[in-house]
Amino acid sequence: MVCWVIAAVIGIIAFFMMKASLSTFLALILAVIAVVVLAMLLIKLFCGESASSSSATATTAAPAAAPKPTAVKPAEAPKPVETVAPKAEEKPAEATAEKPKAAPKKKAAPKKKAAPKKEAAPAAEGDGPEVLTAARGGAADDLKKIKGVGPGLEKTLNELGFFHFDQIAAWTDADIAWVDSRLKFKGRITRDDWISQAKDLAG
């Protein structure tokens with residue numbers, strides 16, 4: 001630090017001396033260069049030796065650091081030995097009675113096939129209208145031509161043994177009651193006047 005101060009003082013003096021003969025800017029640049037060069041030279045010759053000597057004395061003067069005391073852990077107290085109590089004698093396992101096995105399920109008996117429907121036989125006298133087991137000549141009339149008779153009713157009438165218009169045209173009041181009791185929709189025969197329609201269709 002002292003070397004830099006000395007060099008700076010000399011540089012200022014040089015600046016004022018050169019300012020008389022040179023321009024201010026040029027004198028300033030030369031003064032700065034002179035300060036730096038002079039400072040480096042002084043540090044190398046004087047300040048460097050003093051710094052090394054001071055650092056050497058500082059290292060010799062400093063007392064050696066005392067070794068840190070190492071903390072000694074207290075010895076652990078011995079753990080008390082646990083005394084294991086003898087286990088109580090195990091009770092003999094009670095004999096468990098074997099559960100009776102469930103009886104095997106009986107297989108369901110095979111369902112009996114429904115017996116095929118027998119063709120309707122002619123009804124006995126006074127037991128209903130005349131019925132047929134099949135259409136005459138194998139050709140049944142189109143009973144759907146009667147108003148109020150659809151495919152479902154036509155099928156039901158055929159199952160009851162009615163295939164032709166003349167059969168329906170010959171129904172009496174007792175016959176109408178007999179057939180009406182076997183239809184899902186009651187009163188259709190008289191309401192739609194099947195007898196008159198069947199007579200017209202029978203020709």
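Everything here concerns the structure above.
Here is what the cut-offs are and how they apply
Residues numbered from 1 in each chain as written. Predicted model: local features only at pLDDT ≥ 70, side-chain atom pairs only at ≥ 80, totals over all residues. Heavy atoms only, no water. Helix = DSSP H or I, 4+ residues; strand = E, 2+ residues; numbered from the N terminus. Buried < 20%, exposed > 50% of the residue type's maximum accessible area, 1.4 Å probe, protein only. Contact = heavy atoms within 4.5 Å. Areas by Shrake-Rupley, 256 points an atom, 1.4 Å probe, with all protein chains shown as cover. Patch = residues over 30% accessible without salt bridge, like charges linked within 9 Å, V, L, I, M, F, W, Y side chains within 5 Å. Salt bridge = Lys/Arg side-chain N within 4 Å of Asp/Glu carboxyl O. Phe/Tyr/Trp six-rings, centres within 6.5 Å; stacked < 30°, edge-to-face > 60°. Lys NZ or Arg CZ within 6 Å of the ring centre and 35° of its normal. Arc of directions from axis to C-beta. Lys, Arg positive; Asp, Glu negative; His and termini not counted.

Caption draft 1: Region of the structure containing the overall build of the protein. Counting its secondary structure elements, the protein contains seven helices and zero strands. Taking all 203 residues of the protein together, 21% fall into the buried category. Contacts in the protein between residues at least 24 apart in sequence constitute 54% of all its contacts with a sequence separation of at least 6. Looking at the protein as shown, the accessible area adds up to about 16900 Å², and 64% of this sits on carbon and sulfur atoms.

Caption draft 2: Region of the structure containing a nonpolar patch on the surface. On the surface, Leu22, Phe25, Leu26, Ile29, Leu30, Ile33 and Val37 cluster together into a nonpolar patch covering about 610 Å² of accessible area. Within the secondary structure layout, Leu26 lies in helix H2 (residues 24-61). Leu26 sits in the partly exposed class, given a relative accessible area of 36%.

Caption draft 3: Expanded view of the packing of aromatic side chains. Here the structure, examined in full by the defined rule, presents two aromatic pairs. Plain terms: the ring middles of Phe162 and Trp178 are 6.5 Å apart, the flat faces sit at 75 degrees to each other, and that makes the pair edge-to-face. Of this pair, Phe162 sits in the loop between helix H3 (151-160) and helix H4 (165-169) while Trp178 sits in helix H5 (residues 173-180); the two residues are 16 residues apart in sequence, bridging distant segments of the chain. For the pair Phe162 and Trp178, a shared accessibility class is recorded, and that class is buried. The ring of Phe185 is capped by Arg188, whose NZ or CZ atom sits 5.9 Å from the centre of that ring.

Caption draft 4: Main features of the pattern of salt bridges. Within the structure shown, the criterion is met by four salt bridges. Linking Lys144 and Asp142 is a salt bridge whose minimum nitrogen-to-oxygen distance equals 3.1 Å. The partly exposed category is assigned to Lys144, whose relative accessible area is 38%. Classification of Asp142 as partly exposed rests on a relative accessible area of 31%. For Arg188, the salt bridge is made with Asp192, and the minimal N-O distance between the two is 3.3 Å. Residue classification places Asp192 among the buried positions, given a relative accessible area of 17%. Among the ionic contacts, a cluster of salt bridges with common partners joins Asp142, Lys144 and Glu154.

Caption draft 5: Main features of H3. Buried within H3 we find Leu153, Glu154, Leu157 and Leu160. The buried residues of H3 occupy one face: seen down the axis, they fall within an arc of 120 degrees. In H3, the exposed positions that point more than 90 degrees away from the buried face belong to Pro151 and Lys155. Those residues of H3 that are buried lie in contact with H5, helix H6 (188-191) and helix H7 (194-202). Downstream of H3 by a residue or two, Gly161 has a phi angle that is positive, lying close to 110 degrees.

Caption draft 6: Just H5, in detail. Residues of H5 that are buried: Asp175, Ile176, Trp178, Val179 and Asp180. Residues of H5 that are buried in the fold lie against H3, H6 and H7.

Caption draft 7: Region of the structure containing the side chain of Asp180. Examined against the element boundaries, Asp180 turns out to sit in helix H5. Salt bridges are absent for the buried Asp180, whose nearest opposite-charge side chain, Lys186, sits at 5.7 Å. Apart from residues no more than four positions distant in its own chain, Asp180 is found in contact with Phe185, Lys186, Gly187, Arg188 and Ile189.

Caption draft 8: Molecular detail of unusual backbone geometry. Phi at Asp193 is positive, roughly 55 degrees, even though this residue is not glycine. For Asp193, the position within the fold is in the loop between H6 and H7. Relative accessible area serves as the criterion here: at 38%, Asp193 is assigned to the partly exposed category.

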